[in-house]
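# Summary of the model geometry
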Amino acid sequence: MTTLSPRRAVYAGSFDPPTNGHLWMIAEAQRLFDELIVAIGINADKKSTYTIDERRAMLESVTAGFPNVRVDSFANKFLVNYAHSVGAGFIVRGIRTASDFEYERAVRHINADLQPDIRTVFLMPPREIVEISSTMVKGLVGPDGWQQMVRRYVPEAVYRKMIEDNGGA
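Residues numbered from 1 in each chain as written. Predicted model: local features only at pLDDT ≥ 70, side-chain atom pairs only at ≥ 80, totals over all residues. Heavy atoms only, no water.

Attention shifts here to the overall build of the protein. Of the regular secondary structure elements, the protein holds seven helices and five strands. If you list the helices and strands of the protein from N to C, you get β-α-β-α-β-α-β-α-β-α-α-α. Scaling as 2.2 N^0.38, a compact globule of 169 residues should have a C-alpha radius of gyration of about 15 Å, and the protein matches this with 16 Å. Principal-axis analysis of the C-alpha atoms gives the protein an extent of 50 × 35 × 30 Å. Here the protein holds 169 residues, and 42% of them are scored as buried. Considering only contacts in the protein between residues 6 or more positions apart, those separated by 24 or more positions represent 75%. Carbon and sulfur atoms make up 52% of the accessible area of the protein, which amounts to about 9,300 Å² in all. Of the side chains in the protein, 20 bear a positive and 20 a negative charge, and the two mean positions are spaced by 2 Å. (Helix = DSSP H or I, 4+ residues; strand = E, 2+ residues; numbered from the N terminus. Rg over C-alpha atoms; globule rule 2.2 N^0.38 Å. Buried < 20%, exposed > 50% of the residue type's maximum accessible area, 1.4 Å probe, protein only. Contact = heavy atoms within 4.5 Å. Areas by Shrake-Rupley, 256 points an atom, 1.4 Å probe, with all protein chains shown as cover. Lys, Arg positive; Asp, Glu negative; His and termini not counted. Charge placed at Lys NZ, Arg CZ, Asp CG, Glu CD.)

Structural data, given as structure tokens:
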């Protein structure tokens, strides 16, 4: 039996790539908990742009300033069961839109059925980053001037990796 830590939380996502929205969520969540595990969820059915090792390296770089944050990954597990396996008492999720709320509300109730002792905490990012998503950022790559657009939406280490992977600046 795993003992849950009431002050340990998990913030999970694909982080393909990590964005300023993800970094905001991490910065806020790490202030609320003694330990925050940023967990990369691996979905074998989803084609990722970056490998798990690349995403882990980017996340470790952008979270290096937070001593209570560690990066991990998991596969073939429900998030709530992963959280239980690492002794987390909380899952942190972001709400950007009304449709996010509807989806996350349903998932929260299912999670409570699976692991009733794990709570879900919802954070709402500020309006200047609410539209940022990994999919949106990846969609900007290619046309002339993409570098300036992408730079606005991702942390510096992620930007450098994207430049390197796309033929330099």
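From this point, the narrative continues.
All right, on to the side chain of Glu104 then. With respect to the helices and strands, Glu104 occurs in helix α4 (residues 98–114). Once you skip the residues sitting within four places of it in the chain, Glu104 turns out to touch Arg93, Gly94, Ile95 and Phe122.

A complete count under the given rule lists 13 salt bridges for this structure. Residue Glu28 is joined to Arg31 by a salt bridge in which the shortest nitrogen-to-oxygen separation is 3.3 Å. Taken together, the residues span about one helical turn, with Glu28 and Arg31 both in helix α1 (residues 20–32) at a distance of three residues. Residue classification places Glu28 among the partly exposed positions, given a relative accessible area of 23%. Under the relative-accessibility criterion, Arg31 is labelled exposed at 61%. A salt bridge links Asp100 to Arg96; its shortest N-O distance comes to 3.4 Å. Judged by its relative accessible area of 19%, Asp100 falls in the buried class. (Salt bridge = Lys/Arg side-chain N within 4 Å of Asp/Glu carboxyl O.)

Without other data, these values stay purely geometric and don't point to any function.
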